[in-house]
Amino acid sequence: MTTTSRPTLRISAVLALAASLALAVTMLIAPGTAVADEVGVNAKPNFKLPFPCGQVWSGQTRTNHSPQPSIDFNRANDLGDPVVASAPGTVTTVGNTGGTSYGRYIIISHASGWSTVYAHLSAVNVSKGQKVGFGKVIGKVGSTGGSTGPHLHFEQRLNGSAVKIAFDGKQALYWGTKNYKSTNGCGTASNPYTAKQVCGANFSQINSKVLTNGSGKKVARIVLMYNSSTKQNCVVTLKLTNLNKKTKTVAFLRVKDGPRGNDSGSFQYYAGPVKFKAASKCVQWGGSHAGVSFTSKWGHCG
């Protein structure tokens, strides 16, 4: 974590100031934090800017940042501004390193080994073990720890290693300063998971069905995936409503003259994965959510 200049400065001045401070400020990171190679944005949860809907923040990346892929966020008079969860998850750490490093900070765990870090906070609004959703206020912008001016230090990590950051599926600017507008908490929240995340990186979609209720509202999307290497099919039911609430959701897969299985229960975001090998055999798939169900015909027999 390093200091950052105020957003009223020109970009060139911001970068020059960061470079001049690099020799004078010790850049500290939390014990055990590593820096990983960039990971494709398609594998990530649907991360949003860690600020309320519609706000515009200046985000700075630089090669001498620690860890390097992190972003420092500023805007005018931002001390005490609310910081919100970048994606649904569970608070795993609420810490305070005192006058060095992160100061007051929060770590939130998300899907598939992903986590986010929010540092230099002036106040914390959540506790360890608490579940949070899009737009949930978790703390306030501050200047605690090894910081000489109010800002938010933000990281996205995969399996504990900092990676280049993406918002709304698009990678942030590296290296330099850019203004970002938040869509966090705007309108209806979206499911932070994808079928590929749930089934696995080597699966590709071969069919899907959107479930709609009597009013025409989309309530879920059932996806059939296939892994050409293992000859496995995979089914997952992604909720499109009642997100972050445990509601009855089902995903099932049947192999003709073979195994059959389902995943049924009260889930926050999805049911599944249900996987079976089905080389040269027909499959039947489907699921349900919010009182709407679907069962496919036998197919995909190749």
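Data block above holds the structure.
The shown structure was predicted, so the numbers you read here are calculated from the model rather than taken from an experiment.

1. Quick word on the overall build of the protein
A tally of regular secondary structure across the protein gives two helices and 23 strands. Counting over 302 residues, the protein shows a buried share of 49%. Excluding contacts between residues fewer than 6 apart, the proportion of contacts in the protein whose partners are at least 24 apart in sequence is 63%. Summed over all atoms, the accessible surface of the protein reaches about 13200 Å², with 50% contributed by carbon and sulfur.

2. Description of the sheet that holds strand β20 (residues 260-267)
Within a sheet, each strand pairs with its neighbour through backbone hydrogen bonds, oriented either parallel or antiparallel. Read across the sheet, four strands follow the order β20-β19-β22-β23 without closing on themselves; strand pairing throughout is antiparallel. Edge positions in the sheet fall to β20 and β23 (292-295), since each has one partner strand and no second. Across the sheet, the mean angle separating the axes of adjacent strands is 5 degrees when strand polarity is ignored. Here strand β22 (residues 283-289) pairs with β23 via four bridges, running antiparallel. Across the sheet, Ser288 pairs through a bridge with Ser293, a residue of β23.

3. Comments concerning the state of the cysteines
Applying the stated criterion across every chain yields a total of three disulfides. Each disulfide pairs two cysteine sulfurs, and for Cys53 the partner residue is Cys186, the sulfurs being separated by 1.8 Å. In this structure the cystine formed by Cys53 and Cys186 twists about its S-S bond by roughly 110 degrees; its chirality is therefore right-handed. You can see Cys53 sitting in the loop between β1 (34-35) and β2 (56-61) and its partner Cys186 sitting in the loop between β15 (176-181) and α2 (195-199), a full 133 residues away along the chain.

4. Considerations on the pairing of strand β16 (residues 204-212)
Pairing between β16 and strand β17 (residues 218-227): eight bridges, direction antiparallel. Bridged to Ser204 within β17 is Tyr226.

5. Considerations on the environment of Val83
Note that Val83 resides in strand β4 (residues 82-84). Given the relative accessible area of 1%, Val83 is considered buried. In this structure the C-alpha to C-alpha distance between Val83 and Val137, which are 54 residues apart in sequence, comes to 5.6 Å. With sequence-adjacent residues up to four places away left out, Val83 is seen in contact with Pro50, Phe51, Tyr118, Leu121, Lys136, Val137, Ile138, Gly139, Lys140, Val141 and Leu152.

6. Observations concerning the sheet that holds strand β8 (residues 123-124)
With respect to topology, three strands assemble into an open sheet ordered β4-β10-β8, the strand pairing being antiparallel. Here the strands that pair on one side only, and so sit at the sheet edges, are β4 and β8. By the bridge criterion, two bridges tie β8 to strand β10 (residues 137-140) in an arrangement that is antiparallel. Bridging across to β10, Ala123 finds its partner in Lys140.

7. So, the packing of aromatic side chains
Under the criterion given, the structure shown has 14 aromatic pairs. Where Phe167 meets Tyr180, the ring centres are 5.9 Å apart and the plane angle is 70 degrees; that geometry is what we call edge-to-face. A residue pair is termed long-range when its members are at least 10 positions apart, and Phe167 in strand β13 (residues 166-167) and Tyr180 in strand β15 qualify at 13 residues. According to the relative accessible area criterion, Phe167 is buried, its value standing at 7%. Here the aromatic cluster, defined as three or more aromatic residues joined through ring pairs, consists of Phe51, Trp57, Phe73, Tyr118, Phe154, Phe167 and Tyr180. Seen from the ring of Tyr174, Lys164 lies directly overhead, with NZ or CZ sitting 5.2 Å from the centre.

8. Focus: the nonpolar core
Membership of the largest hydrophobic core comes to 23 residues, with the highest contact counts inside it found for Phe73, Tyr118 and Ile138. Beyond its immediate chain neighbours, meaning those up to four positions away, Ile138 contacts Val83, Val84, Ala85, Ile106, Ile108, Tyr118, Val124, Asn125, Val126 and Val132. Grouped together as the second largest cluster of nonpolar side chains are 17 residues, Leu224, Val235, Leu253 and Phe276 included.

9. Here's the deal with the side chain of Asp72
By secondary structure assignment, the location of Asp72 is in strand β3 (residues 71-74). The class of Asp72 is buried, set by a relative accessible area of 1%.

10. Here's the deal with the environment of Pro82
Here Pro82 lies in strand β4. Sequence separation of Pro82 and Ser122 is 40 residues, and the distance between their C-alpha atoms is 10.0 Å. Non-local contacts of Pro82, meaning those with residues more than four positions away in its chain, are made with Pro50, Phe51, Pro52, Val137 and Gly139.

About the thresholds
- Residues numbered from 1 in each chain as written.
- Predicted model: local features only at pLDDT ≥ 70, side-chain atom pairs only at ≥ 80, totals over all residues.
- Heavy atoms only, no water.
- Helix = DSSP H or I, 4+ residues; strand = E, 2+ residues; numbered from the N terminus.
- Buried < 20%, exposed > 50% of the residue type's maximum accessible area, 1.4 Å probe, protein only.
- Contact = heavy atoms within 4.5 Å.
- Areas by Shrake-Rupley, 256 points an atom, 1.4 Å probe, with all protein chains shown as cover.
- Pairing = 2+ DSSP bridges.
- Axes fitted to C-alpha atoms, helices over the stretch in contact; angles between N-to-C directions.
- Disulfide = S-S within 2.5 Å.
- Phe/Tyr/Trp six-rings, centres within 6.5 Å; stacked < 30°, edge-to-face > 60°.
- Lys NZ or Arg CZ within 6 Å of the ring centre and 35° of its normal.
- Core = buried A, V, L, I, M, F, W, Y, C linked by side-chain atoms within 4.5 Å.

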